[in-house]
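# Observations on the model geometry
Chain by chain, the residues:
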Amino acid sequence: MFERPGSDISGHGDAAIMVSVDFGDTDYEESLHELRQLSISAGLAIRGTIEGKRSTPDAKLFIGSGKADELAQMMQASESNIAVFNHDLSPSQQRNLERLLQARVVDRTGLILDIFSQRAQSHEGKLQVELAQLEHLSTRLVRGWTHLERQKGGIGVRGGPGETQLELDRRMLRVRVRQLREKLIKLKAQRGMQRRARKRSNVMTVSLVGYTNAGKSTVFNRLTKADLYVADQLFATLDTTTHKIYVEDCGAVVLSDTVGFIKHLPHALVEAFGATLEEAAQADLLLHIVDTASSNRDEQIAQVNKVLLEIGAANVPQILVHNQIDRVGLSPSISRDEYGRIVTIHASAKTGEGMDLLRLAMAEYNQHLQKLSTEESAYA
């Protein structure tokens, strides 16, 4: 085990120590860099980093008792009150660490959920985040917390005679989860009606997808002349935003900006954001925004495609848009497949270079859709 406190960046929020264990994964360094970005995005001030190598996690404390003691000493010395783990912890591991450290312990999923709860703005987005948080919390309601074991009597919300606080919490959580699911189902139905109306009007729908912080919102703003919030941080925007734009030689196009993806995106979030991510699954075309300057862009592309498969959008035609070419000295360009269809575009949403190529790609794909529609009508 070793420590790298000298490489840390201080923020202005709650003081935190990052904890990361290398289990031999090839993307370890990238994952640690992402944890730092996530922590800063959550408003934490990183005071130090503890790293180490293990073959398997310690069953009780994940990092082992010796390193847990060192973590406690570093937190005390740096006056940090949060330990952020670059891994998912079991409920018992998290509880044991909090007892030892006498401080809050947050795992990777909990950190992402916290960021989502800060960033969600729309009614639907807030419902989705709350559902994901409650699903995550339900796994944390395990025996061992003494304040949850006290017997409660009474009637109504307090539960029946002999019902423990733990059982009451579980029952109330199940009720709230059911209520949230019902509300999201209604919102999903409303979205479906809106999509069917667009289909009837023969308006092409295009969704922007991509790894978080790849520049999707900047691309969206360039194409729509909107003023969507943009920041150099992970998950700067969460809520799906939809605008109708006019594209020359194409007509009206409905463009949607969706939530960014990330490695190990919590399954609870993928499930909770199902209604929002359906915009991508139901689109005619996906513009897959890639950070050209990232050294891990191929892994990020693979991760986005993995999530697209999970939400049923793997078969939706997509064009790779290599964004941020201004950072690597490339010029705007397009490449086509053997059928003459545009498959990749190099552009910069920041400078505006190559944005005309995105409009060209949408116009050409719309012509392709119109041709398919004509052929289907002829065979009908």
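Small disclaimer: the values here were computed from a predicted structure and weren't measured.

## Considerations on the overall build of the protein
When helices and strands are counted, the protein shows eleven helices and 14 strands. Taken over 380 residues, the protein has a buried fraction of 52%. Considering only residue pairs separated by 6 or more positions, the protein has 68% of its internal contacts joining residues 24 or more positions apart. When the accessible surface of the protein is summed, it comes to about 18300 Å², and 50% of that surface belongs to carbon and sulfur atoms.

## Examining the side chain of N323
Inspection of the secondary structure puts N323 in strand β12 (residues 318–323). According to the relative accessible area criterion, N323 is buried, its value standing at 3%. Excluding residues that lie within four positions of it along the chain, N323 makes contacts with A214, G215, V219, I289, V290, D291, T292, A347, S348 and A349.

## Focus on the pattern of salt bridges
Counting across every chain of the model gives seven salt bridges. Here R336 ties to E364 by a salt bridge, and the two come within 2.9 Å at their closest N and O atoms. Here R336 is found in strand β13 (residues 333–336), whereas its partner E364 is found in helix α11 (residues 355–379), with 28 residues between them in sequence. You can call R336 partly exposed: its relative accessible area is 38%. You can call E364 partly exposed: its relative accessible area is 26%. In this structure, the salt-bridge partner of R341 is D337, at a minimum N-O distance of 3.9 Å. Since its relative accessible area comes to 22%, D337 is described here as partly exposed.

## Quick word on the sheet that holds strand β10 (residues 251–257)
Read across the open sheet, the seven strands follow the order β9-β10-β8-β11-β12-β14-β13; overall the sheet is mixed. Looking at the sheet topology across the chains shown, the edges are occupied by β9 (241–247) and β13. When the angles between neighbouring strand axes are averaged without regard to direction, this sheet yields 25 degrees. Where β13 lies against strand β14 (residues 342–346), four bridges are found, and the strand directions are antiparallel. Across the sheet, S335 pairs through a bridge with T344, a residue of β14. Strand contacts of helix α7 (residues 216–224): β8 (204–210), β9, β10, β11 (285–291) and β12, with the helix running at about 155 degrees to β10, the strand carrying the most contacts. Lying over the sheet, helix α10 (residues 297–310) contacts β8, β11 and β12, oriented at roughly 150 degrees with respect to β11.

## Comments concerning the pairing of β11
Along β11, seven of the seven residues are buried, which leaves the element largely enclosed by surrounding structure. Of the two faces of β11, the one carrying L285, L287, I289 and D291 and the one carrying L286, H288 and V290 are both buried. Where β8 lies against β11, five bridges are found, and the strand directions are parallel. Paired with V206 across the strands is L285, a residue of β11. Bridge analysis of β11 against β12 gives six bridges, and the strand direction is parallel. Among the inter-strand pairings, D291 is bridged to a residue of β12, identified as N323.

## Observations regarding the nonpolar core
Of all hydrophobic cores here, the largest spans 35 residues; its most connected members are L44, V84, L111, L286, L308 and I311. Counting residues in each nonpolar core, the second largest holds 28 residues, with F220, C250, I345 and A363 among its members.

## With respect to the packing of aromatic side chains
Tallied over the full model, the rule gives two aromatic pairs. Consider the rings of F23 and F62, whose centres lie 5.8 Å apart with planes at 90 degrees: the pair is edge-to-face. With F23 in the loop between β2 (15–22) and α1 (28–41) and F62 in the loop between β3 (45–53) and α2 (65–78), this residue pair connects regions lying 39 residues apart in the sequence. Of the residues examined, F23 reaches a relative accessible area of 25% and is grouped as partly exposed. Between F62 and F85, the ring centres sit 6.2 Å apart and the planes meet at 90 degrees, which makes this aromatic pair edge-to-face. One end of the pair, F62, is in the loop between β3 and α2; the other, F85, is in strand β4 (residues 82–85), and 23 residues separate them in sequence. Three or more aromatic residues joined by ring pairs form one cluster here, namely F23, F62 and F85.

## Re unusual backbone geometry
Within the chain, N213 stands out as a residue other than glycine whose phi angle is a positive 70 degrees. Inspection of the secondary structure assignment puts N213 in the loop between β8 and α7. At D249, a position not held by glycine, the phi torsion is positive, near 65 degrees. Locating D249 in the fold gives a position in the loop between β9 and β10. The class for D249 is exposed, based on a relative accessible area of 59%.

Quick notes on the rules
- Numbering of residues begins from 1 in every chain and follows the order in which that chain's sequence is written.
- Residues qualify for local features only when their pLDDT is at least 70, as the model is predicted, and side-chain atom pairs are given and counted only at 80 or more; totals for whole chains, interfaces and linings, by contrast, use all residues.
- Here the side-chain values reflect all heavy atoms present in the structure, with hydrogen atoms and water set aside.
- Put simply, DSSP H or I for four residues or longer makes a helix, DSSP E for two residues or longer makes a strand, and each gets a number counted from the N terminus.
- Burial status follows relative accessibility: with a 1.4 Å probe on protein chains alone, a residue under 20% of its type maximum counts as buried, one over 50% as exposed, and anything between as partly exposed.
- In what follows, a contact means two residues having at least one pair of non-hydrogen atoms within 4.5 Å.
- Values of accessible area rely on a 1.4 Å probe in the Shrake-Rupley scheme; residue burial ignores everything except the protein chains shown.
- By definition here, a salt bridge exists when the distance from a side-chain nitrogen of Lys or Arg to a carboxyl oxygen of Asp or Glu is within 4 Å.
- Strands are treated as partners if at least two bridges between them are detected by DSSP.
- All axes here are fitted lines through C-alpha atoms, helices being fitted over the stretch that makes contact, and every angle between N-to-C directions spans 0 to 180 degrees.
- Think of a nonpolar core as a cluster: buried Ala, Val, Leu, Ile, Met, Phe, Trp, Tyr and Cys residues, connected wherever their side-chain atoms sit within 4.5 Å.
- Pairing of aromatic rings covers Phe, Tyr and Trp, the last through its six-membered ring, and needs centres within 6.5 Å; plane angles under 30 degrees mean stacked, over 60 mean edge-to-face, and all others mean tilted.

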